[in-house]
Amino acid sequence: MATKTLQYNFIQKEVRPNTIADVKVDASFRRIPKNAICFHVWKIDEDRLEAEPKSQYGTFLDDCAYIIYAAAPVGSYVNQDTITREVKPSVNLERFIHFWLGEKVSEQKRSNVAHKIQELDSYFSNVAVEYRETQNNESARFLSYFKRGLTIKCGLLVTSSDPNRLYQVYGRKWLRCIEMKSIAWEHFGADYVMLLATANHFYVWIGRSSSSIERRNAIDLANKWQTDPSKITIVDDGYEQSMPDKCKNEWNTFLPLSQRAVCQNSPAIEKPICNKLKIYKCCYRNNRLHLDQLDVVIPTREDFSDSTTAYVLDGFSQGVWLWVGSQATQQDKTSAMGNGRAFVKKKKYPYSTPVIRVIEGHEPSEFIRLFPSWHSESNDMHMKPISTILGKFDSMTLCQRPKMAAETQLIDDGTGERKIYRITKDQVIEMPTTKAVYFNTHNAYVIQYTVVSWSMNPNDSESVGIKHIIYQWNGSEASADITSKAEKFAINLFESINSKSMYIQMGEYDETPHFLQMFEGKLIILLSEKDIPVIQSNNNNNTIITNGHEEKDTLILKVYGDSTYNAKAVEVYPLVSMSSKECYVVKSQHVWVWCGQSSTGDARELAKNVGALLGESSLALEGKEPKEFWRSVTNLMNQSLILNGLNQSHNSLNTSNGGSSSMGSPSPINSNGSVTGNTQYLTSPSTKTPRFQAQLFAVWTLRNKFFCEEILGYDQTDLSPECAYILDAGIISYVWLGKNVSTYEKDKYLSMAQNYLETVPIARRPTTAIGVIRQHDEPNVFKGFFDNWNTNLWNSYVNYEQTRQILSKGSPSLTNGNGVAPLNGENGKLPPSILNNQKDFDRHQKYPIAILQQEIDLLPEEINPLKREVHLTHDDFVSLFNMSFYQFDELPAWKKQELKKKHKLF
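A brief look at the structure comes next. (Residues numbered from 1 in each chain as written. Predicted model: local features only at pLDDT ≥ 70, side-chain atom pairs only at ≥ 80, totals over all residues. Heavy atoms only, no water.)

## Brief notes about the nonpolar core
Here comes step 1: Core analysis: the largest hydrophobic core is formed by 113 residues, its most contacted members being Trp-251, Phe-439 and Phe-515.
Here comes step 2: Counting 38 residues, the second largest nonpolar core, distinct from the first, contains Ile-32, Leu-322, Val-324 and Met-337. (Core = buried A, V, L, I, M, F, W, Y, C linked by side-chain atoms within 4.5 Å. Buried < 20%, exposed > 50% of the residue type's maximum accessible area, 1.4 Å probe, protein only.)

## Describing unusual backbone geometry
Here comes step 1: For the peptide bond that leads from Tyr-573 to Pro-574, omega is -10°, which places it in the cis range.
Here comes step 2: Assignment of secondary structure puts Pro-574 in the loop between strand E30 (568-571) and strand E31 (583-587).
Here comes step 3: One non-glycine residue, Ser-125, lies in the positive phi region at around 65°.
Here comes step 4: With respect to the secondary-structure elements, Ser-125 resides in the loop between helix H2 (107-123) and strand E8 (129-134).
Here comes step 5: The exposed category is assigned to Ser-125, whose relative accessible area is 52%.
Here comes step 6: Of note, the phi angle at His-776 is positive, near 80°, even though the residue is not glycine.
Here comes step 7: Within the element layout of this structure, His-776 appears in the loop between strand E38 (769-774) and helix H19 (780-783). (Helix = DSSP H or I, 4+ residues; strand = E, 2+ residues; numbered from the N terminus.)

## Structural notes on the pairing of strand E36 (residues 724-728)
Here comes step 1: Extensive coverage of E36 is indicated by the burial of five of its five residues.
Here comes step 2: Burial of E36 is two-sided: the residues Ala-724, Ile-726 and Asp-728 facing one way and the residues Tyr-725 and Leu-727 facing the other way are all buried.
Here comes step 3: The pairing of strand E34 (residues 695-702) with E36 spans five bridges and is antiparallel. Directly across from Phe-697, in E36, lies its bridge partner Ile-726.
Here comes step 4: Taking the residues between adjacent antiparallel strands as the criterion, E36 and strand E37 (residues 732-737) are bridged by three residues, where Gly-730 takes a positive phi near 90°. (Pairing = 2+ DSSP bridges.)

## Points about empty space enclosed by the protein
Here comes step 1: Within the structure shown, the criterion is met by five cavities of 30 Å³ or more.
Here comes step 2: The space that makes up the largest cavity amounts to roughly 100 Å³.
Here comes step 3: Around the largest cavity sit 13 residues that line it, and Cys-282, Tyr-284, Leu-289, Ala-310 and Asn-339 are the ones nearest its centre.
Here comes step 4: Among the elements that take part in the lining of the largest cavity, helix H6 (residues 330-346) stands out by supplying four residues, more than any other.
Here comes step 5: The volume enclosed by the second largest cavity comes to roughly 60 Å³.
Here comes step 6: Around the second largest cavity, the lining residues are Gln-409, Ile-411, Ile-469, Tyr-471, Met-502, Ile-504, Thr-512, His-514, Ile-732, Tyr-734 and Val-781.
Here comes step 7: Those elements that place two or more of their residues in the lining of the second largest cavity are strand E24 (468-474), strand E25 (501-507) and E37.
Here comes step 8: Tallied by class, residues from the lining of the second largest cavity come to eight nonpolar, three polar and no charged. (1 Å grid on protein atoms, 1.4 Å probe; cavity = no way out; pocket = protein on both sides within 12 Å on 5 of 7 lines; lining within 4 Å. Points joined across faces, edges and corners; volume = space filled by probe spheres on them. Nonpolar A, V, L, I, M, F, W, Y, C, P; charged D, E, K, R; others polar.)

## Overview of the side chain of Ser-501
Here comes step 1: Residue placement: Ser-501 occurs in strand E25.
Here comes step 2: Note on Ser-501: relative accessible area 0%, which makes it buried.
Here comes step 3: Here the side chain of Ser-501 touches Arg-774 through a polar contact of 2.9 Å, side chain to side chain.
Here comes step 4: Every residue in contact with Ser-501, bar those within four places of it in the chain, is listed here: Ile-466, His-468, Phe-494, Arg-774 and Asp-777. (Polar contact = N/O pair within 3.5 Å; in protein donor to acceptor, adjacent residues only side chain to side chain. Contact = heavy atoms within 4.5 Å.)

Remember that the coordinates give geometry; whether it matters functionally is a separate question.
Pasting the structure below:
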């Protein structure tokens, strides 16, 4: 393998002993049973190691370092609530060691924690996975331990007697509550929820750009810290003047409203997209460590060929991985993290870049899934057992076993009613119902499928989850106009169906198992419009196919798959090579079914079925093809392939008359169709398809930028009705839309899915199937990825608006951006039309009056000079115009223009 040596000779090695002196292990570590499922946290305080009490798990000081140890059976997960329990030595445990560094941690503490993790690692025989974590850049695995969120306290205030505190709260999935070192407006941002805790009161300030789930969780946190609801006040961004006088006076003592300044674009942590991984081999030359970059496009398991050394896998924003061979020295294992940090510094990556060390044979799932074809026993251990049933799945079995439905991605047996629409540039055509279905690669198709209901039992219908599926299939040569038209038509169907439904969009080559199961191997994809046969039915209800052209029209179909849920036939022209594992159907003056010597019996049966659809067919086995077969494909195959086939047929005839046979050794053909050696066909290597482990991500957009956070060890409770999620199942990515998800995310779900496919560490084709699921309409193929799905889980869910209303009953001290204004409607509520108007006003970014009164060329880019007033806060608007925005909006245009000129906003 070609290599490129990089001059990363940053470590001097005087000696490389096979062993190092036994490390003295801290007494706190020695108390942990070696064969136990457990979770522990320690704090590094100067030179001391302190075990944290369980009540403090999830709370960190920003000037300290922490060590977290987690152990669980392979493929399982632990968290802060895990109770230590010993297991038999035969139980294979995954061990993880994390060291977390606060942003104010001293160099001495960083050094101390590095020594302590070496002690802990040596106690567990140097096989644990090690993670370097930094504040606000924690790994998905680290965050999975603290499902109730993280609280980061300011180390400078630990000994302070002042009870007044300011906290910054944010995080869609993993709530972060950060204590500020001071109470000042400089910490406020429109993306945050701020908590101001005084000796007498608790204020929850709601940033206008914060999400509803962040607001809900912040109010829950306030209720946890202040149990008396009468002492909690909710303050809306831009409505601070609407607070009751008593609260406003206290607020002013800490945060003077005359100095109000709120950052409109809070700095969000953005990870650059990096789908290309680089791999380096660690080598020692002249007692110095060098890194040799391997010349590979996509790293594979086979690239880690030397178990006596270490490799660096550079994923940039995804992290720098140190893979250490099982036969490497103990010194290599213990120095790997230090080498990883040196690599990060040498490459000038950010300080927060994750560094992870893994040992051969103990790779975690996060590492394994970076490789499309990881072939190791450990991979199998990380995956749930796959079913060995390869026969036809019936709807009853799939209904009763959602895990099987998810595993196979078959919602039923595919025999439900279907309507197929062909989408062309000019029209939408409903296709007739026939046994064979012909698609054109230049068109798109929409299928409305009715799920098989085999039982009248409501519980069974509930288990299946949906009644309809809207499929959209885009041909590989379909124009953007056609796919856009098909998408619009499919979405209209999806949103117009009143019953439970799901929408799936896919491209050619990325069909899902159930989509193919609908056609039972009888889906034929053609290259051009003229090739589509005319389909008729005779009186016996048998399908008869004619071409609509003269009998000389010909085509050749490559038959894929060996089962009805992975089979289709695709036209190829010209055919330049044939594999011994493949099957083809050739239609000329006669229909031929050609089967390679190594093709399976199931694949041959499917090919015969396709041949029968085109007319009376004959079987041609590899190496035994009659001359008539080769002569009939003159215009379809590469000429050298045909000539070689004719010669082989002649040899076959001689063999039958007593000559020697060469059938047993078929010959490969180059990709250009030329024959090499004495063989005739390509023999495809046997490959094992790795099974994909499903991943769950919380996804959202903020100021037109896409964000996602992975949820490791997920379960159904991780799905919030106020959020959107993507469940990546490999062959399909499901977008789950909560009932209370934002309007933008509800409308832009396909864009979010495409953004996700572009940003995953191993990039996939943009045509990968995308399924859209709404809360309460989850199909069995989705629910099967979750253990013990509970249909009634969200029946008692309380969303943000409801949480706020409940709090308002116990606390009259609430400002409300939706209703606190000089004029209130009936019972203090605004009419819906005015309320929507006010909400639109609140969605705009807000700026101080002085900025909005500047000359046009000095205004921020997002401000429309003719609409400056919408960028005022409610309080500033009232102070200038002496009325609320919705009152102003009701004025005649000339009056509004006059007022804006008066206040220099025009």
